[in-house]
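Understanding the architecture of this molecule
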Amino acid sequence: MKEKNEKLMNEFWLRPALQKNSAKWKYLKKKKTTATLTTSLLLFFILLAVSLLCLAGWFDLAKYTSHSNKRVAGPTIQPQILEYPLDCAAWNQSNTCPRNYPTSYKPLNPNNLTCPEYFRWIHEDLKPWKETGITSEMLEKGKRHAHFRLIILDGKIYFEKYNKKFIQTRHLYTMYGIVQLLRWYPGKLPNLEIMFDTNDRPVVRSKDYQQPNSGPPPLFRYCSDWHSLDIVFPDWSFWGWAETNIRPWRSVIKDIKEGNKRTKWKDRVPFAYWKGNPHVSPIRKDIMKCNVTDKQNFDTLLYVQDWVDQSKKGYKESDLANQCTHRYKIYVEGWAWSVSEKYILACDSPTLYVKPRYHDFFMRGMIPQQHYWPIRGNGKCRSLKFAVQWGNNYTDKAEAIGKAGSNFIHEDMKMEYIFDYIFHLLNEYAKLLKFEPKVPAEAVEICSESLACNSEGIWRKFMEEGLEKSPSYTNPCTLAPPYEPQDLKSIVEQKIKATQQVEAWENEYWSNLNKQ
């Protein structure tokens, strides 16, 4: 087998260094005649050219040999990529951002993939400004709500902080994420200015901007609702949530995938599981009434998450990779949308999704009965009970829903797509600007070093873990065009129909149960 592998390696990657001492090479060297020498040199250069094409990925010898269906797995050959780690020494010495990182890049591999379907909602989120564009006056309207202004100018990022109270370090990790985007795609983003509000609930109400020239402020935040015009943006936890010991997305999604393998779905606890802080909203307090007691059983196991207590215990009981142990996971909003959503959906278990008010950037791409199971906003306990009973009676269908939702998170929301989403969102936004971005006098330049080198403990640890050390191998995915009105209507109707069908099944279940 070793000899066969070596032979195939020689056929596929015929490097001069590998062939230099071979018998064939020595034989060719012994030939003295001019004709033979010419032939051997010609053969050598043909082989050399083919080997280089193979290395570049432009030519596949296996397609033209008898080994085409018996390709032996070997190491992936990739050109050496330079890495640029944090340079805190340079930062500490001068308090200026290092200039050694590439300001542009040339992708090694083309990307012909169309972006996941949920990317098309970018067009819908920016539609309020499609006709008028975005003026500097519109931008300034958002200042009263914003926590910071962020400017990208000639490939550099600047930050202007406003005198508002931040929630933990959301702003820090949000800015860090955008800095990583510019390291991932250096030189790709145009100049732009944005206002960002790191609070939970949307504030730009569409009813306040009904007039043609009312000019709503383009304000970025983590979630919105159907009555608001706030522009949704991936939340800070994709680069880590230090206050709850949640690692950056690339790491945590890998941990959850490994956790999913520990217990097969049909071997998991056949109840619906939720763990969180019930004190942040009435809807969460209400759902705690569904917990199992001596007098009632709605097939739910609900637990209070005390983050202060968990921090004292080293977060041993809040490891996300260890929470994929139940057949069903419950998602319920908090004060607004909840960061927990993506972690719950990633567990290979059907997510019992309590009727939401808010949406983040990806949820609009998910379909009831396909990616999750809808739960009524009113009568939650009975709705949860029916969902578990249905799933335990139709295990194959329930397992398929859990797997589809999980695949959506693991595949369509891998970190490369998170960067692509932000890239397209900011790129499309920049196209609407009717003014030239400029750096305010109070703004300061930010970079990985200015944010990470000044941090300590777990905050710095997560930033080092979430650092993009090299540019991407590829271009961003291709953003599909906006939905046609009839297509958008069809999507909404599909979701409504799927939800109503579940509610009809539920009504029938309880009606039959009451007759017994």
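Structure: above.
We now turn to the structure provided with this report. Note that the structure is predicted; figures quoted are calculated from it, not measured. (Residues numbered from 1 in each chain as written. Predicted model: local features only at pLDDT ≥ 70, side-chain atom pairs only at ≥ 80, totals over all residues. Heavy atoms only, no water.)

Overview of empty space enclosed by the protein
Per the counting criterion, the structure on display carries two cavities of 30 Å³ or more. Within this model, the largest cavity holds a volume of roughly 50 Å³. In terms of lining, the largest cavity is formed by 13 residues, of which the most central are D235, W337, D360, F361 and F362. Taken together, the residues that form the lining of the largest cavity break down as eight nonpolar, one polar and four charged. Counted as a void, the second largest cavity has a volume near 40 Å³. What lines the second largest cavity is Y328, P350, L352, W373, A387, W390, G391, A398 and I401. Within the residue set of the lining of the second largest cavity, elements represented by two or more residues are helix 13 (380–393) and helix 14 (395–412). (1 Å grid on protein atoms, 1.4 Å probe; cavity = no way out; pocket = protein on both sides within 12 Å on 5 of 7 lines; lining within 4 Å. Points joined across faces, edges and corners; volume = space filled by probe spheres on them. Nonpolar A, V, L, I, M, F, W, Y, C, P; charged D, E, K, R; others polar. Helix = DSSP H or I, 4+ residues; strand = E, 2+ residues; numbered from the N terminus.)

Looking at the state of the cysteines
Taken as a whole and assessed by the stated rule, the structure comprises five disulfides. A disulfide bridge connects C97 with C447, and the sulfur atoms are separated by 2.3 Å. On the sign convention where negative means left-handed, the S-S torsion of about -95° between C97 and C447 marks this disulfide as left-handed. One end of the pair, C97, is in the loop between helix 5 (88–94) and helix 6 (121–126); the other, C447, is in the loop between strand 13 (444–446) and helix 16 (448–452), with 350 residues separating them in the sequence. Residue class for C447 comes out buried when judged on its relative accessible area of 11%. Among the cysteines of the protein chain that take part in disulfides, numbered as they appear in the sequence, the pairing is 1-9, 2-8, 3-10, 4-7, 5-6. (Disulfide = S-S within 2.5 Å. Buried < 20%, exposed > 50% of the residue type's maximum accessible area, 1.4 Å probe, protein only.)

Quick look at the packing of aromatic side chains
Taken as a whole and assessed by the stated rule, the structure comprises 43 aromatic pairs. Ring centres of F361 and F362 lie 5.4 Å apart, and the angle between their planes is 80°; on these two criteria the pair is classed as edge-to-face. A residue is classified by how much of its surface remains accessible, and F361, at 2% relative accessible area, is buried. Under the relative-accessibility criterion, F362 is labelled buried at 2%. The ring of W249 carries the charged tip of K342 above its face, separated from the ring centre by 6.0 Å. In this structure, R382 is placed above the aromatic ring of W510, and the distance from its NZ or CZ to the ring centre is 4.2 Å. (Phe/Tyr/Trp six-rings, centres within 6.5 Å; stacked < 30°, edge-to-face > 60°. Lys NZ or Arg CZ within 6 Å of the ring centre and 35° of its normal.)

Everything listed here is a matter of geometry and, on its own, says nothing about what the molecule does.
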